[in-house]
Amino acid sequence: MADNNEEILEQLQTLIEQTYRVEEEYKTLRSSYDHLQDTIENLIEFLPNALWVLFENGEVFTQNSNASKLAQLLEIMDFTRSDYELNFEEGSYLIKTSSYKDKILISATDITEQKRKENLATMGQMAAHLSHEIRNPIGSISLLTSTLMKRVKLENKPIVLEIQKSVYRIERIIKATLMFSKGVKEMKSPLSWNQIKEDIELSIGYYSYTKEIRFELPEQDFDINGDADLLSMLFSNFVFNAIDAIEADENEEGLVKIKYENDEKFHIFKVYDSGVCIEDKLALFEAFKSTKEKGNGLGLVLSQQIAHAHEGDVRLLEGDVKCFEIRLGK
């Protein structure tokens, strides 16, 4: 009887020891599982795209923070498709899905910027093609109006002048469009501010506006190393934008002012106008976007590219008064 008791005690002791070992093994296994789970969660969180892992019934098993922000996107997905594009609100997403056992893996990559660039490239090509097509007829009209201006009666000259101004505007659009499609290519040489100023004043004379507008341009002359045609286009773009803003204002008079200063590295110009405020500041330097009736959305884009080509930049200054700052490298 005593032997049986001892044998039972030994078996019980062995069972207890095995239980402890199993418990330790379970803790080790659980720790490894938790570590693996953390690794997986950190991994999917590290990914730049939105990622969901779903049960077959559509319930979320796990997801990263990018996926949490796009919860509504999940509601309109087609789980039967494996590789497609989906438009949601103002964005475009590339959706990829795959299945493993009882789980569905879905990723959504934001391709909004890529699609925007593709659309811009397409629009640029179309605009360049149209510009080439109308370039020759516009050139002929310009030549004919110049001849007509010399022969027409005095009372009819204002009509011919308005035609010339309209042709000039079309020529500017053609030039800007072709430059945007081909890229800004500068040919720098020493020039003076007075050269650019004369071109600006000549351009103002060809621009149509109905209000009494005062123009204040820097009086002092100074040297600039740059491309005369490109810099004339840059400043003319800002002056024309200012004129359009004044035309849209309720007042019958307006002011366009360019102030000049410099430091060791830059020529600095500040362009002010008394016209209406800018509605969409985020779209200022985005091609083919314009809040103006006359705008084609290329003026500021090209102006910024021209400034970059001259080791400078263009930006809108914050403040109560509307002001653009143009920096050109010395």
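For the structure itself, consult the block above.
Presented here is an overview of the structure given in this document. (Residues numbered from 1 in each chain as written. Predicted model: local features only at pLDDT ≥ 70, side-chain atom pairs only at ≥ 80, totals over all residues. Heavy atoms only, no water.)

### Notes on the sheet that holds strand 4 (residues 91-100)
Read from one edge of the open sheet, 5 strands run 2-1-5-4-3, paired in antiparallel fashion. Two strands bound the open sheet, and with one partner strand each, they are strand 2 (60-63) and strand 3 (83-88). Across the sheet, the mean angle separating the axes of adjacent strands is 25 degrees when strand polarity is ignored. Here 3 bridges tie strand 1 (residues 50-55) to strand 2, and the two strands are oriented antiparallel to one another. Its bridge partner lying in strand 2, W52 is registered against Q63. (Pairing = 2+ DSSP bridges. Helix = DSSP H or I, 4+ residues; strand = E, 2+ residues; numbered from the N terminus. Axes fitted to C-alpha atoms, helices over the stretch in contact; angles between N-to-C directions.)

### A look at the side chain of S303
With respect to the element layout, S303 can be found in helix 8 (residues 299-309). Excluding its chain neighbours within four sequence positions, the residues that come into contact with S303 are L234, N237, F238 and V314. (Contact = heavy atoms within 4.5 Å.)

### Here's the deal with the pairing of strand 5 (residues 103-110)
Bridge count for strand 1 against strand 5 is 6 bridges, and the pairing is antiparallel. Bridge assignment links L54 to a residue of strand 5, and that residue is I104. Summarising the sheet, strand 4 and strand 5 pair through 8 bridges and their orientation is antiparallel. Paired with S98 across the strands is L105, a residue of strand 5. Hairpin connection, strand 4 to strand 5: the antiparallel pair is bridged by 2 residues, and K101 has positive phi, about 55 degrees.

### Comments concerning helix 8
Where burial is concerned, most of helix 8 is hidden: 8 out of the 11 residues are buried. Looking only at helix 8, the buried set comprises L300, V301, L302, S303, Q304, I306, A307 and A309. Downstream of helix 8 by a residue or two, E311 has a phi angle that is positive, lying close to 55 degrees. (Buried < 20%, exposed > 50% of the residue type's maximum accessible area, 1.4 Å probe, protein only.)

### A look at the sheet that holds strand 9 (residues 253-262)
Strand order in the open sheet formed by 5 strands is 7-9-10-12-11, and the pairing between neighbours is mixed. A single partner strand is all that each edge strand has here, and the edge strands are strand 7 (212-216) and strand 11 (313-317). Going across the sheet, the axis of each strand differs from the next one's by a mean of 15 degrees, ignoring polarity. The strands that helix 8 touches are strand 11 and strand 12 (323-329); relative to strand 11, the one it contacts most, it runs at about 125 degrees.

### Observations concerning helix 7 (residues 228-247)
For helix 7, which comprises 20 residues, the first-to-last C-alpha distance of 28 Å matches the rise-based estimate of 28 Å (1.5 Å per residue) to within 8%. Across the 20 residues of helix 7, 16 count as buried, placing the element largely inside the fold. The opening residue of helix 7, the one whose side-chain oxygen lies 3.1 Å from the backbone nitrogen of D229, is D227. (Expected span 1.5 Å × (residues − 1). Polar contact = N/O pair within 3.5 Å; in protein donor to acceptor, adjacent residues only side chain to side chain.)

### Thoughts on the packing of helix 7 against helix 8
Between helix 7 and helix 8, the shortest axis-to-axis distance is 9 Å and the interhelical angle comes to 145 degrees. In the crossing of helix 7 with helix 8, the sense of the turn from one axis to the other is left-handed. For the pair helix 7 and helix 8, contact is made by L230, L231, M233, L234, N237, F238 and N241 and by G299, L300, L302, S303, I306 and A307, respectively. A per-class count over the contact of helix 7 with helix 8 returns 9 nonpolar, 4 polar and no charged. (Left-handed = near helix turned anticlockwise from the far one by under 90°. Nonpolar A, V, L, I, M, F, W, Y, C, P; charged D, E, K, R; others polar.)

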